[in-house]
Amino acid sequence: MRRFVSQNWAQAANPDLYLHDEGYYMIKFQTIEDLNAVYYSGPYSINNRPIILKPWTPEFDFNTEFPTEIPLWVKFPNLPMNCWSSNSLSRIASVIGTPIFADECTSKQTRISYARMLVEVNVTRELPEAITVLDPNGRQFTQEVIFDWKPEFCQLCQVVGHKCPPPPKAGTQNHAPQERRREPRKVTME
């Protein structure tokens with residue numbers, strides 16, 4: 001993790017890393033500016049697995065913390081230009097979750113093919129592929145929504161990161177052919 005931090009977060013001055021037995025890190029940045037520079041520049045991944053960054057709060061409890069509200073980068077492709085004000089973007093992103101931040105290209109409108117925002121989303125709910133938007137002129141339209149990454153959520157285990165296969169339906173039998181086991185052969189040496 002230290003190598004990842006030094007290679008990918010060079011803009012942050014030597015953050016402290018603390019590993020928890022549950023498999024996550026607490027990262028202490030030297031300044032708020034360092035934290036913001038890293039937090040708002042994502043998403044990040046290690047070995048094609050996403051790194052979920054979430055700011056610490058005083059209410060954080062190691063024993064009960066269950067990350068269901070996760071910041072995700074969301075794209076709104078071909079969003080009409082009259083919807084690019086910070087108020088409009090915030091209202092649009094609020095349909096999905098809690099808006100946190102628009103990326104630099106969106107806030108400066110230097111890339112207009114899509115708006116991109118970091119939105120804290122409840123991943124226990126189904127993530128929308130499209131939403132209905134009312135623009136500042138009162139016109140209603142359907143807006144496509146693209147997530148840079150969608151976490152899996154297992155409804156059975158209530159855990160982020162995998163999905164268990166659904167249980168068999170009541171009254172049905174598994175008709176998969178059973179394999180015959182061969183008797184082990186005896187090996188002889190000549």
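Computed from a prediction, not measured in an experiment: that's the story for all the values here.

(A) How the structure looks around the nonpolar core. Membership of the largest hydrophobic core comes to 23 residues, with the highest contact counts inside it found for Phe76, Leu79, Ile96 and Phe147. Every element with two or more residues in this core is listed here: strand E5 (69-77), helix H3 (86-94), strand E7 (114-122) and strand E8 (130-134). Ignoring anything within four residues of it in the chain, the contact list for Phe76 reads Ile92, Ala93, Ile96, Tyr114, Ala115, Met117, Ile131, Gln143, Glu144 and Val145. Grouped together as the second largest cluster of nonpolar side chains are 13 residues, Phe4, Trp9, Leu17 and Phe29 included.

(B) View of the sheet that holds E7. Taken together, four strands build an open sheet; the order of strands is E6-E7-E5-E10 and the sheet is antiparallel. The sheet is open, and its two borders are formed by strand E6 (98-102) and strand E10 (146-147), each paired with just one other strand. Note that E6 and E7 share four bridges and pair antiparallel. Bridge pairing in E7 places Phe101 opposite Leu118. Across the sheet, H3 lies against E5, E6 and E7, angled at about 45° from E7, the strand it touches most.

(C) Representation of empty space enclosed by the protein in the model. The full count for this structure, using the stated rule, is one cavity of 30 Å³ or more. Roughly 180 Å³ of internal volume is contained in the largest cavity. Along its surface, the largest cavity is lined by 15 residues, and Pro43, Ile51, Leu53, Pro71 and Trp73 are the ones closest to its centre. When residues of the lining of the largest cavity are traced back to their parent elements, those giving at least two are strand E4 (49-51) and E5. It is E5 that provides the largest number of residues to the lining of the largest cavity, a total of four residues. Here the lining of the largest cavity is composed, by residue class, of 13 nonpolar, one polar and one charged.

(D) Broad picture of the packing of aromatic side chains. A full pass over the atoms with the stated rule returns two aromatic pairs. Measuring from ring centre to ring centre gives 5.7 Å for Phe4 and Trp9, while their planes differ by 80°; the resulting arrangement is edge-to-face. Summarising the aromatic geometry, the rings of Trp9 and Phe29 are spaced 6.1 Å apart at their centres and angled 40° between planes, so their arrangement reads as tilted. One end of the pair, Trp9, is in the loop between helix H1 (2-8) and strand E1 (16-19); the other, Phe29, is in the loop between strand E2 (25-28) and helix H2 (32-39), and 20 residues separate them in sequence.

Conventions used here
- Residues numbered from 1 in each chain as written.
- Predicted model: local features only at pLDDT ≥ 70, side-chain atom pairs only at ≥ 80, totals over all residues.
- Heavy atoms only, no water.
- Core = buried A, V, L, I, M, F, W, Y, C linked by side-chain atoms within 4.5 Å.
- Buried < 20%, exposed > 50% of the residue type's maximum accessible area, 1.4 Å probe, protein only.
- Helix = DSSP H or I, 4+ residues; strand = E, 2+ residues; numbered from the N terminus.
- Contact = heavy atoms within 4.5 Å.
- Pairing = 2+ DSSP bridges.
- Axes fitted to C-alpha atoms, helices over the stretch in contact; angles between N-to-C directions.
- 1 Å grid on protein atoms, 1.4 Å probe; cavity = no way out; pocket = protein on both sides within 12 Å on 5 of 7 lines; lining within 4 Å.
- Points joined across faces, edges and corners; volume = space filled by probe spheres on them.
- Nonpolar A, V, L, I, M, F, W, Y, C, P; charged D, E, K, R; others polar.
- Phe/Tyr/Trp six-rings, centres within 6.5 Å; stacked < 30°, edge-to-face > 60°.

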